[in-house]
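Fold and contact review
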Amino acid sequence: MAKESIDRIKPEDHGAEIPAVRLRGLGKVFVTERVETHALSDVALDIRRGEYVLVQGPSGCGKSTLLSILGLLDQPSSGEYVLLGQNTRGLRLSERARLRNSEIGFVFQSFNLIEELTVLENVELPLRYRKGRQRMSGADRAARAMALIEDVGIGHRAEHYPAQLSGGQQQRAAVARALIGEPSLILADEPTGNLDPVSEDAVMELLTNCHGKGTTLCVVSHNPKFSAAADRVVRLSEGRLDG
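Let us look at the structure shown here. Because the structure is a prediction, the values reported are computed rather than measured. (Residues numbered from 1 in each chain as written. Predicted model: local features only at pLDDT ≥ 70, side-chain atom pairs only at ≥ 80, totals over all residues. Heavy atoms only, no water.)

Remarks on unusual backbone geometry
- For Glu 190, which is not glycine, the phi dihedral falls at a positive 45°.
- With respect to the helices and strands, the residue Glu 190 is situated in the loop between strand E7 (185-189) and helix H7 (197-212).
- In this model, Glu 238 sits at a positive phi of 50°, which is unusual for a non-glycine residue.
- Residue placement: Glu 238 occurs in the loop between strand E9 (232-237) and strand E10 (240-241).
- By relative accessible area, which is 70% here, Glu 238 ends up exposed. (Helix = DSSP H or I, 4+ residues; strand = E, 2+ residues; numbered from the N terminus. Buried < 20%, exposed > 50% of the residue type's maximum accessible area, 1.4 Å probe, protein only.)

Laid out in structure tokens, this is it:
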């Protein structure tokens, strides 16, 4: 069968809405002087707009590599990745950065907050890189960031620095930062891995609420609690999707 062209998918081509994510034959190989490691092999996956997908699998199976590619932080060695109808193959670094900033929000296990910035400054940071018609004034950025900080329950910590926050509070700030740009897709890599049970439940609820508002969500986690909230669970094994 001829290879499907997906440079620009149209809804009528498949009789359905363009998916948020479409992967076809995706592969990632890491090469060193002595060894060639196939982190991902022939991965095919569609994630519908507004869908909540949980990715599970043993350590070292390629989950974080997959998330890095979905987040445009890394490029596949082979295959296709179409994000919101746009084929990401061949995009310049500046184009990848612009697409990532406008369409993708990240939540990491290690929070990745900048220690020298307050919570408010961390949360508004993605908006500082907006250009052209997307650019906002400093006052508008701060107002939007403050509203989100209050939404995630840490309004009283807005002027504190990350080191002054608990792990759960830092992750709430990270969720607010992921939401500030009103992304189409949120990617979360073990978002509750470093949290106590109470903070874990709070962060899970925040992510579930994002999904309830129509945001597409892709979460990598070993935590079985995520399975109940997700629309679908996909499993990776040795770089390949099971089933």
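Topic: H7
- Relative to the 22 Å expected for 16 residues at 1.5 Å per residue, H7 spans 22 Å between its end C-alpha atoms, a close match to the ideal helical length.
- Taken together, the buried positions of H7 are Ser 199, Glu 200, Ala 202, Val 203, Met 204, Leu 206, Leu 207, Cys 210 and His 211.
- Lining the buried residues of H7 we find strand E3 (52-56), helix H6 (167-179), E7, strand E8 (216-220) and helix H8 (225-229).
- A positive backbone phi angle near 105° is found at Gly 214, which sits one or two residues after H7. (Expected span 1.5 Å × (residues − 1). Contact = heavy atoms within 4.5 Å.)

Some details on the nonpolar core
- Within the largest apolar cluster, 35 residues are counted, with the highest numbers of intra-cluster contacts made by Val 119, Val 123, Ile 149, Val 219 and Phe 226.
- Elements with a contribution of two residues or more to this core: E3, helix H4 (119-128), helix H5 (138-151), H6, E7, H7 and E8.
- Non-local contacts of Val 219, meaning those with residues more than four positions away in its chain, are made with Tyr 52, Val 53, Leu 54, Val 55, Ala 188, Pro 191 and Phe 226.
- Among the nonpolar cores identified, the runner-up in size contains 29 residues, and Tyr 81, Leu 99, Leu 185 and Val 234 belong to it. (Core = buried A, V, L, I, M, F, W, Y, C linked by side-chain atoms within 4.5 Å.)

Quick look at the packing of aromatic side chains
- Counted under the stated rule, the structure contains one aromatic pair.
- With centroids separated by 5.6 Å and ring planes inclined at 5°, the aromatic side chains of Phe 106 and Phe 108 adopt a geometry described as stacked.
- Overall, the relative accessible area of 16% leaves Phe 106 in the buried class.
- When its relative accessible area of 24% is taken as the criterion, Phe 108 is described as partly exposed. (Phe/Tyr/Trp six-rings, centres within 6.5 Å; stacked < 30°, edge-to-face > 60°.)

Structural notes on the sheet that holds E8
- The strand order E6-E7-E8-E3-E9-E10 describes an open sheet built from six strands, whose pairing is mixed. This sheet does not close on itself; its edge strands, each paired only once, are strand E6 (104-108) and E10.
- By the bridge criterion, two bridges tie E9 to E10 in an arrangement that is antiparallel. Bridge pairing in E10 places Leu 236 opposite Leu 241.
- Of the strands in this sheet, E6 and E7 are in contact with helix H3 (residues 93-103), which crosses E6 at around 75°. (Pairing = 2+ DSSP bridges. Axes fitted to C-alpha atoms, helices over the stretch in contact; angles between N-to-C directions.)

Let's talk about the pairing of strand E4 (residues 78-83)
- Relative to E4, strand E1 (residues 21-31) is paired through five bridges, and the arrangement is antiparallel. In the sheet register, Arg 24 faces E4, and the bridge partner there is Glu 80.
- Here two bridges tie E4 to strand E5 (residues 86-87), and the two strands are oriented antiparallel to one another. Counterpart to Leu 83 in the pairing with E5 is Gln 86.
- Between E4 and E5, which pair antiparallel in sequence order, lie two residues; one of them, Leu 84, sits at a positive phi of approximately 55°.

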